Amino acid sequence: MKKEHSHKDNLKVVYEDNHLIVVNKRAGDIVQGDKTGDKPLSEVVKSYLKEKYNKPGNVYLGVVHRLDRPTTGIVLFARTSKALPRLNKLFAEKKTAKTYWALVKNEPPKKQDTLVHYLKRNPKQNKSYAHKNEVPDSKKAILHYKIIKKLDNYFLLEIDLETGRHHQIRSQLSAIGCPIKGDLKYGFDRSNKDASIHLHARKLTLTHPVQKEEMSFVAPLPNEPLWKACE
């Protein structure tokens, strides 16, 4: 089973208006170009917009935030140069609410908890290490989790991020002995066949950059048996 990628004809659009577009990322997608040379989601969305609205020339699209490649779920892009700096400011000032769902095999120590670690990134390994106490070059990471469902062999966690660090959820859950299903890098024993991990950016809430009203976007779960059992 190989990775599934988005293209302009199968793009999962959650919401779009004149100023922004929200898509549901597949596990094979990269949000922005990297050294793999694979076509990034940002370019796929541009192709989709160009065709849908019959736009001549280049289509404007601003990348506001990212998701790790094996993660699925909500990704928001700016469609105008007016919206981009305003959205960047909302994210920088933590005026957005991000909720993730994760499947773990090991039961967390508590039904719900706040995790505080200091994450130190190793760029060579593309990995973040969680420390209980501050270490040089570390960044404070805070998340809140609760168990929202118990499956036969897994626990479904809902996670609200207070900070947005590199691989934060993956590293912090691993630090409490609960690596995410499929996440070999952070200690799960087997990879998923499609190279995904069972981490899904479920919901994003923010104030619309132009219309100024609060909006919430929810990404449907991937079409996969375990995720289906979570619905």
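Quick note: structure is the one above.
Quick caveat, the model's predicted, so the values are computed rather than measured.

Asks: Describe the layout of surface pockets, with residues and values.
Replies: The space that makes up the largest pocket amounts to roughly 1500 Å³. Lining the largest pocket we find 43 residues, and of these Arg66, Leu67, Asp68, His166 and His167 sit closest to its centre. Put simply, the parts of the chain that give the lining of the largest pocket at least two residues each are strand 5 (97–104), strand 6 (112–122) and helix 3 (168–175). Looking at side-chain class alone, the lining of the largest pocket contains 14 nonpolar, twelve polar and 17 charged residues.

Asks: Quick one: what's the story with the pairing of strand 9 (residues 155–161), residue by residue and with numbers?
Replies: Burial analysis of strand 9 places six of its seven residues in the buried class, which makes it a mostly covered element. Where strand 5 meets strand 9, six bridges bridge the pair, whose relative direction is antiparallel. In the sheet register, valine 104 faces strand 9, and the bridge partner there is phenylalanine 155. Summarising the sheet, strand 8 (residues 139–150) and strand 9 pair through seven bridges and their orientation is antiparallel. Across the sheet, residue isoleucine 147 finds its bridge partner in strand 9, namely leucine 157. The turn linking strand 8 back onto strand 9 is made up of four residues.

Asks: Hey, could you go over helix 1 (residues 41–52) for me, with residue numbers and the actual values?
Replies: Residues separated by three or four positions in an α-helix point in the same direction, a consequence of the helix having 3.6 residues per turn. In a regular helix each residue adds 1.5 Å, so twelve residues correspond to 16 Å; helix 1 covers 16 Å between its end C-alpha atoms and thus fits that length. All of the buried residues in helix 1 are Leu41, Ser42, Val44, Val45, Tyr48 and Leu49. Along helix 1, the residues classed as buried sweep out an arc of 160° about the axis, all on the same side. In this fold, the buried residues of helix 1 make contact with strand 1 (13–16), strand 2 (20–25), strand 3 (62–63) and strand 4 (72–78). The first or second residue beyond helix 1 is asparagine 54, which carries a positive phi of 50°.

Asks: Can you explain the environment of histidine 200? Please cite residues and give values.
Replies: With respect to the element layout, histidine 200 can be found in strand 10 (residues 199–207). Overall, the relative accessible area of 0% leaves histidine 200 in the buried class. The spatial distance from the C-alpha of histidine 200 to the C-alpha of alanine 27 is 9.3 Å, given a sequence separation of 173 residues. Dropping the residues within four chain positions of it, histidine 200 is found in contact with Asn24, Thr71, Thr72, Gly73, Thr99, Tyr100, Trp101, Ala219, Pro220, Leu221, Pro222 and Trp227.

Asks: Break down the packing of aromatic side chains for me, with residues and values.
Replies: For any pair of aromatic rings, the description consists of the separation of the ring centres together with the inter-plane angle of the planes. Evaluation of the coordinates by the stated rule reveals one aromatic pair. Between tyrosine 15 and phenylalanine 217, the ring centres sit 5.2 Å apart and the planes meet at 40°, which makes this aromatic pair tilted. Note that tyrosine 15 is positioned in strand 1 and phenylalanine 217 in strand 11 (residues 214–218), a separation of 202 residues in sequence. We classify tyrosine 15 as partly exposed; its relative accessible area is 23%. Here phenylalanine 217 falls in the buried class, since its relative accessible area comes to 4%. Taking the ring centre of tyrosine 186 as reference, the NZ or CZ of lysine 127 above it sits at 5.5 Å.

Asks: Provide a residue-level description of the side chain of glutamate 158, including the pertinent values.
Replies: Its place among the elements puts glutamate 158 in strand 9. A polar contact is formed between the side chain of glutamate 158 and the side chain of tryptophan 101, at a distance of 3.1 Å. In this structure, glutamate 158 is in contact with Thr99, Tyr100, Trp101, His144, Tyr145, Lys146 and Ile148, ignoring residues within four places of it in sequence.

Asks: Give me the nonpolar core: which residues, what numbers.
Replies: Residues Val45, Leu76, Phe77, Ile159, Ile169 and Leu173 are the most contacted members of the largest nonpolar core, which totals 47 residues. Excluding residues that lie within four positions of it along the chain, leucine 173 makes contacts with Ala102, Val104, Leu115, Leu157, Ile159, Cys178, Pro179 and Ile180. The next biggest cluster of nonpolar side chains, apart from the first, holds ten residues, and it includes Leu103, Leu151, Phe188 and Trp227.

Asks: Which residues make up empty space enclosed by the protein, and what are the values?
Replies: For the structure on display, the rule yields one cavity of 30 Å³ or more. In this structure, the largest cavity spans a volume of roughly 50 Å³. What lines the largest cavity is simply His65, Leu67, Ile74, Lys98, Tyr100, Ala201, Lys203 and Leu204. Breaking the lining of the largest cavity down by element, the ones donating at least two residues are strand 5 and strand 10. With three residues, the top contributor of residues to the lining of the largest cavity is strand 10. When its residues are assigned to classes, the lining of the largest cavity shows five nonpolar, one polar and two charged.

About the criteria used
- All chains use their own residue numbering, which begins from 1 and follows the written sequence.
- Local features in this predicted model are restricted to residues whose pLDDT is 70 or higher, and side-chain atom pairs enter the listing and the counts only when it is 80 or higher, whereas totals over whole chains, interfaces and linings include all residues.
- Remark: hydrogens and water are excluded; side-chain values derive from all non-hydrogen atoms of the structure.
- A 1.4 Å probe that fits but cannot get out identifies a cavity on a 1 Å grid over protein atoms alone, an open set with protein on both sides within 12 Å along at least five of seven lines counts as a pocket, and a residue lines either if it has an atom within 4 Å of a point.
- Grid points are joined across faces, edges and corners, and a volume is the space filled by probe spheres set on the points.
- Working definition: helices are DSSP H or I runs of at least four residues, strands are E runs of at least two. Numbering for both runs from the N terminus.
- Side-chain classes are defined by residue name, with Ala, Val, Leu, Ile, Met, Phe, Trp, Tyr, Cys and Pro counting as nonpolar, Asp, Glu, Lys and Arg as charged, and the others, Gly among them, as polar.
- The buried label applies to any residue whose accessible area, calculated with a 1.4 Å probe on protein chains only, is under 20% of its type's maximum; exposed applies above 50%, and partly exposed to all values in between.
- Here, any two strands with at least 2 DSSP bridges between them count as paired.
- The length a helix should cover is 1.5 Å for every residue beyond the first.
- As used here, the arc is the angular range of directions from the helix axis to the C-beta atoms.
- Here, two residues are considered to be in contact whenever any of their heavy atoms come within 4.5 Å of each other.
- Only rings of Phe, Tyr and Trp enter the pairing, Trp through its six-membered ring, and a pair is recorded when the two centres are within 6.5 Å. The plane angle decides the type: under 30 degrees is stacked, over 60 is edge-to-face, the rest tilted.
- Definition used: whenever NZ (Lys) or CZ (Arg) falls within 6 Å of the ring centre and also within 35 degrees of the ring normal, the charge is taken to sit over that ring.
- We call two N or O atoms a polar contact when they sit within 3.5 Å, provided that within protein one can donate a hydrogen and the other can accept it, with sequence-adjacent residues counted only if both atoms are side-chain atoms.
- Working definition of a nonpolar core: buried Ala, Val, Leu, Ile, Met, Phe, Trp, Tyr and Cys residues. They are joined through side-chain atoms within 4.5 Å.

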